[in-house]
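Below are the chains, spelled out letter by letter.
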Amino acid sequence: LPRVPAVLKKRLVKLVVNFLFYFRTDEAEPIGALLLEHCKITKEEENIFSISFIEEPERKYCFECATEEQCQEWVEALKRASYEFLRRSLIFYRNEIQKMTGKDPLEQYGISEEARFQLGAHRQ
């Protein structure tokens, strides 16, 4: 089947933790949001990137930036935005600090043995 060309719409976007909110250019309230979990961020062309979802690969959003540098900044920020990325980073840095100091950095915050076990059990 021939692919129907997508309609381009100008939107403002704002990244808040792991949500990418999008706005019409003349409105203050967002018209929608993308939860950046279980998704793939891909640099498509010089200044274009896409977000697609693992469970729904046909659901793909393309974004065009003003410059290639801006595009690269967005791709990097979006890849760091997911809960899973943050969890893996926490585990990595916790282990590095423990190797260097011999102490678990989470101990001072009263995190229980059970929580530490669960945090460590998700390693891949």
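A brief report on the enclosed structure follows. (Residues numbered from 1 in each chain as written. Predicted model: local features only at pLDDT ≥ 70, side-chain atom pairs only at ≥ 80, totals over all residues. Heavy atoms only, no water.)

Thoughts on helix H1 (residues 68-79)
Argument step 1. In this model H1 runs 17 Å from its N-terminal to its C-terminal C-alpha over 12 residues, within 8% of the 16 Å that 1.5 Å per residue would give.
Argument step 2. Looking at the packing, one finds that the buried side of H1 touches strand S1 (11-16), strand S2 (19-24), strand S4 (39-45) and strand S5 (48-53). (Helix = DSSP H or I, 4+ residues; strand = E, 2+ residues; numbered from the N terminus. Expected span 1.5 Å × (residues − 1). Contact = heavy atoms within 4.5 Å.)

Let's talk about a negative patch on the surface
Argument step 1. A cluster of acidic residues, Glu45, Glu46, Glu64, Glu69, Glu73 and Glu76, forms a negative patch on the protein surface.
Argument step 2. Ranked by residue count, the leading element in the negative patch is H1, at three residues.
Argument step 3. You can see Glu69 is positioned in helix H1.
Argument step 4. Relative accessible area serves as the criterion here: at 55%, Glu69 is assigned to the exposed category. (Patch = residues over 30% accessible without salt bridge, like charges linked within 9 Å, V, L, I, M, F, W, Y side chains within 5 Å. Areas by Shrake-Rupley, 256 points an atom, 1.4 Å probe, with all protein chains shown as cover. Salt bridge = Lys/Arg side-chain N within 4 Å of Asp/Glu carboxyl O. Lys, Arg positive; Asp, Glu negative; His and termini not counted. Charge placed at Lys NZ, Arg CZ, Asp CG, Glu CD. Buried < 20%, exposed > 50% of the residue type's maximum accessible area, 1.4 Å probe, protein only.)

Quick notes on helix H2 (residues 83-101)
Argument step 1. With 19 residues, H2 extends 27 Å between its outermost C-alpha atoms, agreeing within 8% with the 27 Å of an ideal straight helix rising 1.5 Å per residue.
Argument step 2. Buried within H2 we find Arg87, Ser89, Ile91 and Arg94.
Argument step 3. Once H2 finishes, Gly102 follows within two positions and takes phi at roughly 80°, a positive value.

With respect to the environment of Glu45
Argument step 1. When you line up the elements, Glu45 lands in strand S4.
Argument step 2. Sequence-wise, Glu45 and Cys71 are 26 residues apart; in three dimensions their C-alpha atoms are separated by 9.3 Å.

None of the figures reported here should be taken as evidence of function without further support.
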